[in-house]
Amino acid sequence: MSKATPSSPTVGFVSLGCPKALVDSERILTQLRAEGYAISPSYDGADLVVVNTCGFIDAAVEESLEAIGEALDENGRVIVTGCLGGDETRVREAHPEVLAVTGPHAYEAVMSEVHRHLPAPHDPYASLVPPQGIKLTPRHYAYLKISEGCNHRCSFCIIPSLRGDLVSRPIGEVLAEAENLVNAGVQELLVISQDTSAYGVDVRYRTGFWRGRPLKSHVQTLAEALGELGVWVRLHYVYPYPHVDALIPLMAEGRILPYLDMPLQHGSPRILKAMRRPAASERMLERIHDWRAQCPDLTLRSTFIVGFPGETDEDFESLLEFLDEAQLDRVGAFAYSPVSGAAANELPDAVPEALKQERLERFMAHQAVISAQRLRARVGREIEVLVDEVGADGIVARSAADAPEIDGLVYIEGAADARPGERIRVTVTDTDEHDLWARAD
Ligand code: SF4
């Protein structure tokens, strides 16, 4: 391993897309630093620029192509990686002058392209890379990627064709990384993958080792072990397979956060079938009621697509009824937009654009009332929050119900000596449909 010096070859880095892409970026950055490259925050000082792209929906493709164009204009030497890199023809059609194109989670391919176009410095020296790697997120929270790829074939999604089938990381490796992060001061681990509840399916729940103990590569075992680390553990992208029920007691006992990010996408069985969603027929409402009975503080976040091909007025009404029944806490929604290469593009009965937008507005207005009511019920309660920022205007924190970047914030009065990354207890004084206000106890 080498250390960066003022004359080190310098790589500019642009990271676009979802938290999963962010984790890929962190790995590439860690490797670059390990080999003695310097990382530049601007295009000017860089010898070349790596752009980690997103290709999930057409808007993200456009954003990625623009970012590549900007890097080419500003710097001229660009290597493309990430989801959009899976479609090299499209990248090269728009930008024939890029140096190289590599696909998603292709760390080795990116590194070999960097080596080809910007040789690594020869400076054997002690590693400057901390064992927890380089984090792009603030030091007190970090994403923990447990697998790559996905075994499902949802008709609107091209991720499996870009990223391949599910490949779970060995449980010992995941837990060692989590432990390193915690030792480095991380207070919240955000578990991510394309399908967290499927963890280990591809390796038949193979046994690995951590702290000398045999552990099965299974989401429940993983959650239990992460719960031993004494930090917040938040699960993202959990599909409602039956075995997810076993996670709820861990939440009720406070071993992991009572938070489930479960992309449900629709409430009508007919549309869910057309979407080919995993575990779509798993008696969702009944189970949500059961989960809440066991763990009243459970926060449920979900995302939905309205205006999917073939969605009738009745389907849409049943989606609104589903929202009424499910009483979800946090909800994101999109109007369906076709993604090149997705099977859903072949489905008949596309919903007209104006109707999609009208349904999206009705959906959001409907859910906004539910979210606001659920938040309002928290006024007067004492909760634990994790401080994100301390500034001149006060303290900004998050509760167990708020994942960074996607959910709400807690604005705090008092506790002037609190520090980012600290967990404190506060009493909720006010809410709107998104955020909380609180007083330090
Ligand atoms: S579960 Fe469906 S939407 Fe999610 S990555 Fe897999 S195919 Fe795509």
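Scroll up to find the structure.
Everything quoted here is computed from the prediction, not taken from an experiment.

*Asks:* Describe in detail helix α1 (residues 19-34), supporting the description with residues and values.
*Replies:* A rise of 1.5 Å per residue sets the reference length of α1, with its 16 residues, at 22 Å; its end C-alpha atoms lie 22 Å apart and thus fit the reference within 8%. Inspection of α1 places K20, A21, V23, D24, S25, E26, I28, L29, T30, L32 and A34 among the buried residues, and these make up the whole buried set. One or two positions beyond α1, positive phi appears at G36, with a value near 95°.

*Asks:* Talk me through the site of the ligand; I want residue IDs and the actual numbers.
*Replies:* Inspection of the region around the ligand gives C150, H152, C154, F156, C157, I159, P160, Q194, Y239 and R277 as its neighbouring residues. Residue composition of the shell around the ligand, grouped by class: seven nonpolar, two polar and one charged.

*Asks:* Can you break down a negative patch on the surface residue by residue, with the values?
*Replies:* A contiguous patch of negative charge on the surface is contributed by D44, E62, E63, E66, E70, D73, E74 and E97. Turning to its location among the elements, D44 is positioned in the loop between β2 (38-40) and β3 (48-53).

*Asks:* Any chance you could break down the sheet that holds β2 for me, citing the residues and the numbers?
*Replies:* Pairing is parallel across the open sheet formed by five strands, whose spatial order is β2-β1-β3-β4-β5. Pairing within the sheet leaves two strands with one partner each, and these edge strands are β2 and β5 (100-101). Both strand β1 (residues 10-15) and β3 contribute to a ladder of five bridges, which runs parallel. Within β3, the residue paired with F13 across the bridge is V50. Against the sheet, helix α4 (residues 107-117) engages β1, β3, β4 (78-82) and β5, with an angle of about 175° to β4.

Calculation rules
Chains are numbered independently. Their residues run from 1 in the order of the written sequence. Selection of residues for local features in this predicted model requires a pLDDT of at least 70, selection of side-chain atom pairs for listing and counting requires 80 or more, and totals for whole chains, interfaces and linings are taken over all residues. In computing side-chain values, all of the structure's heavy atoms are included and hydrogens and water are not. Under the DSSP-based scheme used, a helix requires at least four consecutive residues in state H or I and a strand at least two consecutive residues in state E, with every element numbered from the N terminus. Under the convention used throughout, the expected extent of a helix is 1.5 Å for every residue step, that is, one less than its residue count. Note on exposure labels: buried denotes an accessible area under 20% of the residue type's maximum, exposed denotes more than 50%, and partly exposed covers the range between, all computed with a 1.4 Å probe on protein chains only. Near residues are defined by distance, with any heavy atom within 4 Å of the molecule or strand qualifying the residue. Under the convention adopted here, Pro, Cys and the residues Ala, Val, Leu, Ile, Met, Phe, Trp and Tyr are nonpolar, Asp, Glu, Lys and Arg are charged, and Gly plus all remaining residues are polar. Each patch groups residues whose relative accessible area exceeds 30% and which form no salt bridge, using 9 Å between like charges and 5 Å between nonpolar side chains of Val, Leu, Ile, Met, Phe, Trp and Tyr. Note that accessible areas follow from Shrake-Rupley with a 1.4 Å probe, and for residues the cover is restricted to the protein chains shown. By definition here, a salt bridge exists when the distance from a side-chain nitrogen of Lys or Arg to a carboxyl oxygen of Asp or Glu is within 4 Å. Charge counting treats Lys and Arg as positive and Asp and Glu as negative, with His and both chain ends excluded. In plain terms, the charge of a residue is placed at NZ if it is Lys, CZ if Arg, CG if Asp and CD if Glu. Pairing between two strands requires that DSSP report at least two bridges joining them. In what follows, a contact means two residues having at least one pair of non-hydrogen atoms within 4.5 Å. Helix axes are fitted to C-alpha atoms over the stretch in contact, other axes to C-alpha atoms as well, and angles between N-to-C directions run from 0 to 180 degrees.

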